[in-house]
Amino acid sequence: MSHSISDLTSREVAEHIARNPVAVIPFGSIEQHGPHLPNGTDTMSAEVVSEALAETLDALYVPFGPYGVTPIHAGHPGTISLRRTTFEALLTDICNELIDMGVNRLVFVNWHEGNIASMDGVATEIQNAHDDVYVITSHACYVAQRLYAAQGGELTHGGGIEAMAVMARDPDLVHVERAGDATRPDLAIELDEMRRDPETHGYITDVTEIDDDGWYGNPSWATAELAEAFATTTANEIAKRVESILALRSNG
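Cut-off values and rules
- Here the residue numbering is sequential within each chain, running from 1 through the sequence in written order.
- For a predicted model such as this one, the threshold for reporting local features is a pLDDT of at least 70, and the threshold for listing and counting side-chain atom pairs is 80 or more; totals across whole chains, interfaces and linings nevertheless cover every residue.
- The side-chain quantities take in all heavy atoms of the structure and omit both hydrogens and water.
- Only rings of Phe, Tyr and Trp enter the pairing, Trp through its six-membered ring, and a pair is recorded when the two centres are within 6.5 Å. The plane angle decides the type: under 30 degrees is stacked, over 60 is edge-to-face, the rest tilted.
- Helix numbers and strand numbers start at the N terminus; a helix is a DSSP run of H or I with at least 4 residues, a strand a run of E with at least 2.
- Per-residue accessibility, obtained with a 1.4 Å probe over protein chains only, is compared with the maximum for each type, and a residue is labelled buried under 20%, exposed over 50%, and partly exposed between these values.
- Should DSSP find at least two bridges between two strands, the strands are taken to pair.
- Here a residue-residue contact requires only that any non-hydrogen atoms of the pair lie within 4.5 Å.
- For helices, the fitted axis covers only the stretch in contact; all axes are lines through C-alpha atoms, and the angles between them, taken along N-to-C directions, range from 0 to 180 degrees.
- Consider the strands pointing away from the viewer: the crossover is right-handed when the path from the first strand over the helix to the second runs clockwise.

Caption draft 1: Expanded view of the packing of aromatic side chains. Considering all chains together, one arrives at 7 aromatic pairs under this definition. Both rings, one in Trp111 and one in Phe230, keep their centres 5.9 Å apart while their planes meet at 80°; by these two values the pair is edge-to-face. Highlighted residues: Trp111 in the loop between β3 (105–110) and α4 (116–129) and Phe230 in helix α8 (residues 224–251), separated in sequence by 119 residues. On the basis of relative accessible area, Phe230 is assigned to the buried category, the value being 0%. Here Tyr148 and Trp221 contribute two aromatic rings whose centre-to-centre distance is 6.0 Å and whose plane-to-plane angle is 75°, an arrangement assigned as edge-to-face. You can see Tyr148 sitting in helix α5 (residues 140–148) and its partner Trp221 sitting in the loop between α7 (186–196) and α8, a full 73 residues away along the chain. Here a set of aromatic residues connected by ring pairs shows up, and it is made of Phe27, Phe64, Phe87 and Phe108.

Here is the structure:
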């Protein structure tokens, strides 16, 4: 049986929620990823992980849509960015509709950093407005970064981890041969680390500040073998943390 709300009938959705009132929602973006990866890389990555996570948790899978908040990539053909107000309004409406159906546990699975501020704002407002509703956010891109670092995986824009994630969806969409001689300029590394520092960080408002061509990394690291296990491996890691958080909340 499918876990996707779009595949199920109305009665099946009601039965699913009655059995397990948990919904998993993926978030990504449509933005340039160099000459070798599709513009939907972030959305595809979030979706394959979320589908596997929904199956693992026996949760309802609820598509959000392909778009995210990504003005950093503006001006590159293929990039479409939502305003934060648009993103937040859409997410709020979806969450409230699910809650009205009986969902009381929402799991946000994100692969795009530009969505984080909006997701955090909506999550706290939704949870604050409903007594028995909990929201959990997993940034699957960071989970993958941790899981694959020892094998040489790098979470760069258009690099190996993202190539692997797209391969998990559709290997025909990955064109490593178009990437040329992959390099990792020292400045690009430093700027990426700067903007992701959890303690003290600055901001990048134009991706060309990191690299003139708007991407960097080594997509050739990705293999079909890694891609085959990617969704399940990442989803299982997220599921363990989701279950521990829900157990903690139920005991609180």
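Continuing now.
Caption draft 2: Summary view of the sheet that holds strand β4 (residues 134–139). Within the open sheet, the 4 strands sit side by side as β2-β1-β3-β4. Their pairing is parallel. Looking at strand neighbours, the two that pair on one side only are β2 (60–61) and β4, the edges of this open sheet. With 6 bridges connecting them, β3 and β4 associate as parallel partners. In the strand pairing of β4, Val107 is matched with Ile136. The strands touched by α5 within the sheet are β3 and β4, with β4 carrying the most contacts at an inclination of about 50°.

Caption draft 3: Broad picture of the pairing of β4. Burial analysis of β4 places 5 of its 6 residues in the buried class, which makes it a mostly covered element. What joins β3 to β4 is α4, and the crossover it makes is right-handed.

Everything listed here is a matter of coordinates, which is why it stays silent on function.
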